[in-house]
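Now for the letters of each chain:
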Amino acid sequence: MVHLSHKFSTIPINFIPKQFSKHLPQQIQSQTTPPFIPFSQRQNQRSLLESQLISALNCCTSLTQIQQIHARILRKGFEQCCYVLTKLIRILTKMEIPMDRYAKLVFNQVENPNPFLCTALIRGYCLQGLVKESVFVYSEMRKKSVLPISFTFSALFKACGVVNDVDLGRQIHGQTILIGGFGFDLFVKNSLIEMYVKLGFLGCGRKVFDELPERDLISWTELIVGYVKAGDMESAGELFSELPKKDMVAWTAMVTGYAQNAKPREALEFFERMLNEGVETDEVTLVGVISACAQLGAAKYANWIRDIIENLGFSPTRCVVVGSALIDMYSKCGSVEDAYKAFKVMEEKNVFSYSSMIAGFAMHGYAYAALELFHEMVKIGIKPNKVTFIGVLTACSHSRMVEQGRQIFESMEEKFGISPGVDHYSCMVDLLGRAGCLEEALNLAETMPLEPNGGVWGALLGACRTYSNPDIAQIAANHLFELEPNAIGNYILLSNIYASAGRWNDVLMVRKMMREKGLRKNPGCSWLETKKGVIQEFFAGDMSHPRYGEMKQVLEDLLNRLKAIGYQPNMNSIAYDVSDEEKRRILITHSEKLALAFGLLDINADFPIRIMKNIRICEDCHSFICGVSQITRRVIIVRDNLRFHHFHDGKCSCGNFW
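Residues numbered from 1 in each chain as written. Predicted model: local features only at pLDDT ≥ 70, side-chain atom pairs only at ≥ 80, totals over all residues. Heavy atoms only, no water.

Turning to unusual backbone geometry, a few remarks are in order. Phi is positive for E96, which is not a glycine, with a value near 60 degrees. By secondary structure assignment, the location of E96 is in the loop between α6 (82-94) and α7 (103-108). A positive phi is found at R633, a non-glycine position, where the angle reads about 60 degrees. By the element assignment, R633 lies in the loop between α35 (619-632) and β4 (636-639). (Helix = DSSP H or I, 4+ residues; strand = E, 2+ residues; numbered from the N terminus.)

Here it is, written out as structure tokens:
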């Protein structure tokens, strides 16, 4: 006898008449046809499962978790679901998993990828710097007649910006026109403007902007930022004034742009307008304003921005970014004490705050304090960065600490794994040159593993000025003339070195080169803050100041008193083949002396006289101010383009070494 279970096991259950099915064994009865589920309900279930898979992918924090969800995707039959797989590739990209090891394999299993899935792979390649691969995916996408979407082009434009390939960018730009439909796509056009601006093709970016039928804040801001980076603040200002609605990003771009392009007063003016308009500010805005205040070097503005920062809730105690910027500002305003106070009250300190304070100590000549702080940060586990080492090496350079500088330079790679950059070699050449080791400095410049830049040769040329070495100066200058053919300072410095050596024919040769290139010397300029908080500027040889008569009398009185204690004008500070009498006349009208005379007339004796200068202080002015600090018992602080000089009781903080 054949068992029913065996007899009917080969017959499909749905073929058995209903009246006989009740006689089947229980295990066979359970295999009867499932209840009918409407299509719409099945679609809802599938959509719900898709949402669950997407949510699970969003929660992934490791590759193992991604693989587990991927396995579930396969089990549930979603291996061809572009919506879910697009999310999978995006998560793999976010986790920085190499595209070819996983995402590309997933993509290759899909028979008909849609534009979003293709774009996810393109974007992933772009973010990993694999632009050729991303373009290949785009080409394959077009061969299969899959139309790109806005995100496809924005990803490709960003990639062109990263690899600095404007030719490829133009080809992709052409694709947006060839395919059509993207002429009014603001997202694509903004990405295109961003690419052209980043690659330095402002004209192309402006053309795209001008042809836009409709613009948003991003369109305007991208182009404004482009002009700012190019130093064209006039064009940036014109665009800003035309901008219908100005948000914090646009205002901040203008404030930081003026600060970065050495227009601090305009930066402060824009910031005040921003506050008056009631526009919200953030850390980036404040850092730009703080930078502008640092450039002016005036206590009035330093105190003004400090109060604003406190009122806006960005106290350096809690905000490490603003705190680090304040340290830099106070240092550049001549108050390293206030800089250190700001540093001490910071609850959180990082490598940037330490680096700012080390640089502050360095520019004021406090080398031992800079080194002590450097060792402190290393001890507490804060790893120094490249900027930190520039500050420490500068401190050693300004204080003739040659051996300490050598040890720190060698420790960069040996102890901290930081390869010295060209700026660090520049610091070492400067350190050796200032110490009089000119041959060693020249050898380092010629044998360093990196291509020396203007900073390296400029440091050597400056050292040759100090030690009157025209031969090595000529070598350094020849390199500078190739690297910086229009930098007038190099020509002037070489001319001064020749003049000090009495090589007047060579002086004439350098001046002829300057004339042929159409280079004009920037006049020496000094400025200081009056007791009323007004910034007064003084230019070398300028006798048009309303109080010049009084200032001249002060200088003549000072000169007579200084001569009585042994001061003699340093004629070598004048690089002209003129009479000694003419040299004396030129020396007495140097901009820092004019500023000093005004400061003595205007600023109360209880306060230091703080003078800022656009170029290096000359030897004569240095010895002159040293003597004035002795006979007047005044504290005089001078910031030139290299460092601070604190004069008191006839001595300078630089120890006559700068």
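Our focus in this paragraph is the domain arrangement of the protein. Reports of interface size often rely on the accessible area that becomes lost once the parts have come together. What the domain assignment reports for the protein is domain 1 (246-348), domain 2 (421-521) and domain 3 (525-652). A C-alpha centroid distance of 30 Å is found between domain 1 and domain 3. Counting residues at the interface gives 14 residues for domain 1 and eleven residues for domain 3. In total, about 910 Å² of surface goes out of reach between domain 1 and domain 3, with carbon and sulfur atoms giving 45% of it. Counting the surface domain 1 buries against domain 3, the share from its top three residues, R265, K300 and G334, is 40%. At the boundary of domain 1 with domain 3, the tally comes to one salt bridge. (Domains from an automatic or database assignment. Contact = heavy atoms within 4.5 Å. Buried area = accessible area lost by both parts, 1.4 Å probe. Salt bridge = Lys/Arg side-chain N within 4 Å of Asp/Glu carboxyl O.)

This paragraph deals with the packing of aromatic side chains. Summed over the entire model, instances satisfying the criterion amount to 21 aromatic pairs. Ring plane angle 50 degrees and centroid distance 5.5 Å describe the contact between F538 and F598, whose orientation is recorded as tilted. Pair noted here: F538 is in strand β2 (residues 535-539) and F598 is in helix α34 (residues 591-602), with a separation of 60 residues, a long-range link. By relative accessible area, F598 is classed as buried at 4%. (Phe/Tyr/Trp six-rings, centres within 6.5 Å; stacked < 30°, edge-to-face > 60°. Buried < 20%, exposed > 50% of the residue type's maximum accessible area, 1.4 Å probe, protein only.)

Of all five residues making up strand β1 (residues 525-529), five are buried, and the element is well covered by its neighbours. The alternating pattern of β1 places C525, W527 and E529 and S526 and L528 on opposite faces, both of which are buried. Taken together, the five bridges between β1 and β2 define a ladder with antiparallel strand orientation. Its bridge partner being in β2, S526 is matched across the sheet by F538. Hairpin connection, β1 to β2: the antiparallel pair is bridged by five residues, and G533 has positive phi, about 85 degrees. Two strands pair when backbone bridges link them, and β1 and strand β3 (residues 609-613) are joined in this way by three bridges, in the antiparallel orientation. Within β3, the residue paired with L528 across the bridge is I611. (Pairing = 2+ DSSP bridges.)

A few words on the UniProt feature "repeat: PPR" (unreviewed entry) in the protein. Per the UniProt annotation, the sites labelled "repeat: PPR" (unreviewed entry) are residues 114-148, 216-246, 247-281 and 350-384. Helix makes up 74% of residues 216-246 and strand 0%, and the two end C-alpha atoms of the span are 11 Å apart. Annotated as residues 247-281, this span is 74% helix and 0% strand, and its ends, taken at the C-alpha atoms, are 10 Å apart. (UniProt positions renumbered as here; feature names shortened; annotations may be inferred.)

Ordered in space as β2-β1-β3-β4-β5-β6, the six strands form an open sheet in which the pairing is mixed. The open sheet terminates on both sides in strands that have one partner only, identified here as β2 and β6 (651-652). With two bridges connecting them, strand β5 (residues 644-648) and β6 associate as antiparallel partners. Among the inter-strand pairings, H648 is bridged to a residue of β6, identified as K651. The sheet contacts of α35 involve β4, β5 and β6, and relative to β5 the element is tilted by about 35 degrees. (Axes fitted to C-alpha atoms, helices over the stretch in contact; angles between N-to-C directions.)

Now for helix α27 (residues 438-447). Of all the positions in α27, only L438, A441, L442, L444 and A445 are classed as buried. Taken down its axis, α27 places every buried residue within 160 degrees of arc, on the same side. Exposed side chains of α27 directed beyond 90 degrees from the buried face belong to E439 and T447. Looking at the packing, one finds that the buried side of α27 touches α26 (422-434), α28 (454-467) and α29 (470-483). (Arc of directions from axis to C-beta.)

A few words on the pattern of salt bridges. Any two side chains of opposite charge can pair, on the condition that their charged atoms come close. Inspection of every chain in the model, using the stated rule, returns 20 salt bridges. Among the salt bridges present, the one from E403 reaches R406, with a minimum N-O distance of 2.6 Å. Taken as a pair, E403 and R406 lie in helix α25 (residues 402-416) at a separation of three residues, close to a single helical turn. Notably, a salt bridge pairs E550 with R547, separated by 3.1 Å at the nearest N-O pair. Taking relative accessible area as the criterion, E550 reaches 39% and is therefore assigned partly exposed. Several salt bridges converge on common partners, so that one network encompasses E403, R406 and E440.

Burial of β3 is extensive: four of the five residues sit out of reach of the surface. Sheet topology places β3 next to β4; four bridges connect them, and they run parallel. Paired with M612 across the strands is R639, a residue of β4. For the segment spanning β3, α35 and β4, crossover handedness is right-handed. (Right-handed = clockwise from strand over helix to strand, strands pointing away.)

Attention now moves to helix α11 (residues 166-179). Residues that lie three or four places apart on an α-helix share one face, since the helix turns once every 3.6 residues. Compared with the 20 Å implied by 1.5 Å per residue over 14 residues, the 20 Å span of α11 between its first and last C-alpha is a close match. Residues of α11 that are buried include every one of V166, L168, G169, I172, H173 and T176, and no others. Buried residues of α11, seen end-on, are gathered within an arc of 155 degrees and therefore sit on one face of the element. For α11, the exposed residues set more than 90 degrees away from the buried face come down to Q171, I177 and L178. (Expected span 1.5 Å × (residues − 1).)

On to the environment of P244. With respect to the helices and strands, the residue P244 is situated in the loop between α15 (233-242) and α16 (248-260). Residue classification places P244 among the exposed residues on the basis of a relative accessible area of 69%. C-alpha of P244 to C-alpha of L217: the two residues are 27 residues apart in sequence and 8.8 Å apart in space.

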